[in-house]
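So you can see what is in the structure, the chains are spelled out below.
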Amino acid sequence: RTATMVTEQPRSILVVEDEDTLADSIQYNLEREGYSVEIARDGRSAIDRFRAGGHDLVLLDLMLPGMSGLDVCRTLRAESIVPIIMVTAKDSEADAVAGLEVGADDYVRKPFAMRELLSRVGANLRRVSFASAPQADAEVLESPLIKLDISRHVLEVRGEPVDLRPKEFELFEALMRRRNRLATRDILIEEVWGLGYFGDTKTLDVHIKRLRQKIEVDPHRPGLIVTVRGLGYKLIDE
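What counts and how
- Residues numbered from 1 in each chain as written.
- Predicted model: local features only at pLDDT ≥ 70, side-chain atom pairs only at ≥ 80, totals over all residues.
- Heavy atoms only, no water.
- pLDDT = per-residue confidence, 0-100.
- Contact = heavy atoms within 4.5 Å.
- Salt bridge = Lys/Arg side-chain N within 4 Å of Asp/Glu carboxyl O.
- Helix = DSSP H or I, 4+ residues; strand = E, 2+ residues; numbered from the N terminus.
- Buried < 20%, exposed > 50% of the residue type's maximum accessible area, 1.4 Å probe, protein only.
- Pairing = 2+ DSSP bridges.
- Axes fitted to C-alpha atoms, helices over the stretch in contact; angles between N-to-C directions.
- Core = buried A, V, L, I, M, F, W, Y, C linked by side-chain atoms within 4.5 Å.

Let us now look at the confidence of the model for the protein. Residues at a pLDDT of 70 or more form 88% of the protein, whose mean pLDDT is 87. Note on residues 1-7: pLDDT is under 50 here. Beyond four places in sequence and across chains, it has zero contacts.

In this structure the tally under the stated criterion is 20 salt bridges. A salt bridge links Glu139 to Arg177, with the shortest nitrogen-to-oxygen separation between them at 2.9 Å. Placement of the pair is Glu139 in the loop between helix 5 (114-132) and strand 6 (140-142) and Arg177 in the loop between helix 6 (166-176) and strand 10 (182-184), with a sequence separation of 38 residues. According to the relative accessible area criterion, Arg177 is partly exposed, its value standing at 37%. Put simply, Glu17, Glu19, Asp61 and Lys110 are held in one network by salt bridges that share partners.

Within the fold, Glu173 resides in helix 6. Apart from the residues lying within four places of it in its own chain, the contact partners of Glu173 are Leu148 and Ile150.

In this section: the sheet that holds strand 10. Pairing between sheet strands relies on hydrogen bonds along the backbone, with the strands arranged either parallel or antiparallel. In spatial order, the strands read 10-12-11; together these three strands make up an open sheet with antiparallel pairing. The two strands at the open ends of the sheet, each matched to only one other strand, are strand 10 and strand 11 (225-228). Neighbour-to-neighbour, the strand axes of the sheet open up by a mean angle of 35 degrees, direction not taken into account. Relative to strand 12 (residues 232-235), strand 10 runs antiparallel, the two sharing three bridges. Within strand 12, the residue paired with Leu182 across the bridge is Lys234.

Topologically, Leu22 is positioned in helix 1 (residues 20-32). Leu22 has contacts with Glu17, Lys110 and Phe112, leaving out every residue within four places of it along the chain.

Moving on, we come to unusual backbone geometry. A cis amide bond links Lys110 to the next residue, Pro111, at an omega of -5 degrees. Topologically, Pro111 is positioned in the loop between strand 5 (106-109) and helix 5. Here the phi dihedral of His153 falls at roughly 60 degrees; this positive angle occurs in a residue that is not glycine. Positionally, His153 belongs in the loop between strand 7 (146-149) and strand 8 (154-157). What makes His153 partly exposed here is its relative accessible area of 33%. Backbone geometry places Asn180, a non-glycine residue, at a positive phi of 70 degrees. For Asn180, the position within the fold is in the loop between helix 6 and strand 10.

Now for the pairing of strand 12. With four bridges joining them, strand 11 and strand 12 adopt antiparallel strand pairing. Each bridged residue has a counterpart across the sheet, and for Val226 the counterpart in strand 12 is Lys234. Connecting strand 11 to the next strand, strand 12, in antiparallel fashion are three residues, including Gly230 with a positive phi near 80 degrees.

Secondary-structure assignment places Gln27 in helix 1. For Gln27, a relative accessible area of 22% corresponds to the partly exposed category. Between the alpha carbons of Gln27 and Glu38 there is a distance of 7.9 Å; along the sequence they are eleven residues apart. Once residues within four sequence positions are removed from consideration, Gln27 is found in contact with Val37 and Ile39.

The strand order across the open sheet formed by four strands is 6-7-8-9, and the pairing between neighbours is antiparallel. Both outer strands of the open sheet, strand 6 and strand 9 (160-162), are each paired with one neighbouring strand and no more. Adjacent strand axes in the sheet meet at a mean angle of 20 degrees when their direction is disregarded. Here strand 6 pairs with strand 7 via three bridges, running antiparallel. Bridge assignment links Val140 to a residue of strand 7, and that residue is Asp149. In the packing of helix 6 onto the sheet, the strands contacted are strand 6, strand 7 and strand 8, and the crossing angle to strand 7 comes to about 120 degrees.

The subject of this paragraph is the nonpolar core. Core analysis: the largest hydrophobic core is formed by 27 residues, its most contacted members being Leu155, Phe172 and Leu175. Those elements that place two or more of their residues in this core are strand 7, strand 8, helix 6, helix 7 (185-193), helix 8 (202-215) and strand 12. Looking at which element gives the most residues to this core, the answer is helix 6, with six residues. Beyond its immediate stretch of four places on either side in the chain, Phe172 contacts Ile146, Leu148, Leu155, Leu164, Leu211, Ile215 and Leu235. Of all hydrophobic cores here, the second largest spans 24 residues; its members include Ala40, Leu64, Val82 and Val206.

Encoded structure:
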């Protein structure tokens, strides 16, 4: 009897980029790393191709003809939790924040080093794989107001369920494991976005803001996730 070899399918990435030269370069480098790559040149076709299924990550340019990258991101996030990395040519911090606030998990600014982009892609895919891996034992972290079920990916605050995106859940878990203790910015970035993360810490700040909007009684005067100025954040629930 001849043994049948099962070949694992390569991870599939949808690259949404209207600059032909850059799109070709990104595709070439991603395929060299073993990924399967599909290119979309505008927002409408990106949504159509994504809905056709099978993508593990989306690399999405902010500036697109017709439908903007922000609108594409908002549409994809409403339908899926797939990692989205926003690419922007703009220097304005507001553009990066806007992308994160409509659902992007991360962002890079043009011009970028290709190794930086590959690092971001790899880190986001690794985190998704880890989060979706079956857990051998149930693990629940509890405090007076909070119940975090790691294995079931469920958070309850004040007895009410809270819907979190994957990155938000990972960040909250990192804070919960250090409940009532300082979680430095560097530690949080390393644990949630991966060792060797490129870029500034604005991604972390926006995710903290999203968490506060979901769990705080008054997000503008947070009582659970507090800022330790110049150092990081602390989850307080005693």
